[in-house]
Amino acid sequence: MKKIIGIYLLLQAAMKSVCLFLSLRSDESLLPVIVLAFCVVLIVGAVYVAAMTFMQKARLRQISRFFVLEIALTVFNITFMFFQPVEMLPSDSWVTGNLFDILVAGVILVYLTRQKYYIRAKYITDSVGPDENEMVPAGQKTRPTV
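Note that this is a predicted model, so its numbers are computed, not measured. Throughout this document, residue positions are counted from 1 along each chain, in the order its sequence is written. Where local features are concerned, this predicted model is filtered to residues with pLDDT of at least 70; where side-chain atom pairs are given and counted, the filter is 80 or more; whole-chain, interface and lining totals use all residues. With hydrogens and water excluded, all non-hydrogen atoms of the structure serve as input to the side-chain values.

Novice: Is there a simple way to explain the overall build of the protein chain in this structure?
Specialist: Helix numbering and strand numbering both begin at the N terminus, where a helix is a DSSP run of H or I of at least 4 residues and a strand a DSSP run of E of at least 2. Regarding its fold elements, the protein chain presents 5 helices and 2 strands. Seen in sequence order, the protein chain has helices and strands lined up from the N terminus as α-α-α-α-α-β-β. Looking at the 146 residues of the protein chain, the share that counts as buried comes to 32%. Of the roughly 9900 Å² of accessible surface on the protein chain, a fraction of 66% belongs to carbon and sulfur atoms. Here's how the labels work: a residue is buried when its accessible area is under 20% of the maximum for its type, exposed when over 50%, partly exposed in between, all with a 1.4 Å probe on protein chains only. The protein chains shown are the only cover counted for residues, whose accessible areas, like all others here, come from Shrake-Rupley with a 1.4 Å probe.

Below is the structure:
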């Protein structure tokens, strides 16, 4: 699943960078500098986390922190642009972010936190015990049957 998240992050970074380039080249786009800076931060962060994912060095905590940062910056950009009297182009909504970005990041974040809570327990006794594939919450200890 980490590789799928890495591919998603690369696609998202490519889309945001193309739209950022189009917004900077356009004379009609009047996005504030802070929104552009946050977009660059998200692009660099997405490429970094994707690279760490493909090199097998990314941890769940690192990936989930990026998605929390993405949600926070997207909410800030949407709120900030709500109070600005600026007319936005269609490509500008990809730079600032939209509710779909928040929804996808939230779903991935929920998936990452759920994956962390369960581990597989393996019983080493010779007696017949519970199923080997039974899920046990991470905080509880398993008791082997004697």
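Novice: Sorry, what's going on with the nonpolar core here?
Specialist: In a soluble, globular protein the nonpolar side chains are often hidden away together inside. By size, the foremost hydrophobic cluster in this structure holds 27 residues, and its most contacted members are Ile5, Leu9, Ile63, Phe66, Phe67 and Val95. With 9 residues, helix α2 (residues 33–54) is the largest single contributor of residues to this core. In this description, contact between two residues means that some pair of their heavy atoms is separated by no more than 4.5 Å. Residues within four places of Ile63 in sequence aside, it is in contact with Lys2, Ile5, Val49, Thr53, Ala58 and Leu112. Nonpolar cores are built from buried Ala, Val, Leu, Ile, Met, Phe, Trp, Tyr and Cys residues. Side-chain atoms within 4.5 Å join them into one set.

Novice: How do you make sense of the confidence of the model for the protein chain when you look at a structure like this?
Specialist: The predicted coordinates ought not to be read in detail in places where the model reports low pLDDT. Confidence scores per residue from the predictor, reported as pLDDT, run from 0 to 100. Confidence in the prediction of the protein chain, expressed as mean pLDDT, is 83, and 78% of residues score 70 or more. Here strand β1 (residues 118–120) stands out as the least confident element of the protein chain, with mean pLDDT 47; α2 is the most confident, with 94.

Novice: Would you mind showing me how to read the side chain of Glu70 here?
Specialist: Take Glu70: it is sitting in helix α3 (residues 60–82). For the purpose of charge, His is not counted, nor are the chain termini; Lys and Arg are scored as positive and Asp and Glu as negative. The rule for a salt bridge is simple: a side-chain nitrogen of Lys or Arg has to be within 4 Å of a carboxyl oxygen of Asp or Glu. Salt bridges are absent for the buried Glu70, whose nearest opposite-charge side chain, Lys16, sits at 5.6 Å. Whenever two N or O atoms come within 3.5 Å, that pair is a polar contact, provided that in protein one can donate a hydrogen and the other can accept it, and provided that, for residues adjacent in sequence, both atoms are side-chain atoms. There is a polar contact of 2.4 Å between the side chain of Glu70 and the side chain of Gln12. Sequence-distant contacts of Glu70, that is, excluding residues within four places in its chain, are made with Gln12, Leu42, Asp101 and Ala105.

Novice: What exactly am I supposed to notice about the environment of Ala50 here?
Specialist: Tracing the backbone through its elements, the reader meets Ala50 in helix α2. Each C-alpha atom of the pair Ala50 and Leu11 lies 10.0 Å from the other, and the pair is 39 residues apart in sequence. For Ala50, the contacting residues outside a window of four places in its chain are Gly6, Leu9 and Leu10.

Novice: Looking at this structure, how should I read unusual backbone geometry?
Specialist: Backbone phi values are negative for most residues with the exception of glycine, while trans is the configuration of most peptide bonds. Located in the positive-phi region is Gln56, a residue other than glycine, with phi close to 65 degrees. In this fold, Gln56 is placed in the loop between α2 and α3.

Novice: Got a minute to help me understand the packing of aromatic side chains in this structure?
Specialist: Here a ring pair, both rings aromatic, is described through the centre-centre distance and the interplanar angle of the planes. Pairing of aromatic side chains here covers Phe, Tyr and the six-membered ring of Trp, requires ring centres within 6.5 Å, and sorts the geometry by plane angle: under 30 degrees stacked, over 60 edge-to-face, intermediate tilted. On inspection of all chains with the given rule, the structure shows 4 aromatic pairs. When the centroid spacing of 5.4 Å and the interplanar angle of 75 degrees are considered together, the rings of Phe38 and Phe76 count as edge-to-face. A residue pair is termed long-range when its members are at least 10 positions apart, and Phe38 in helix α2 and Phe76 in helix α3 qualify at 38 residues. Phe76 sits in the partly exposed class, given a relative accessible area of 34%. Seen in terms of ring centroids, Phe66 and Phe67 are 5.5 Å apart; in terms of plane orientation they differ by 70 degrees. Their pairing is edge-to-face. The same class applies to Phe66 and to Phe67, which are both buried. What links up through ring pairs into an aromatic cluster is the set Phe38, Phe76 and Phe80.

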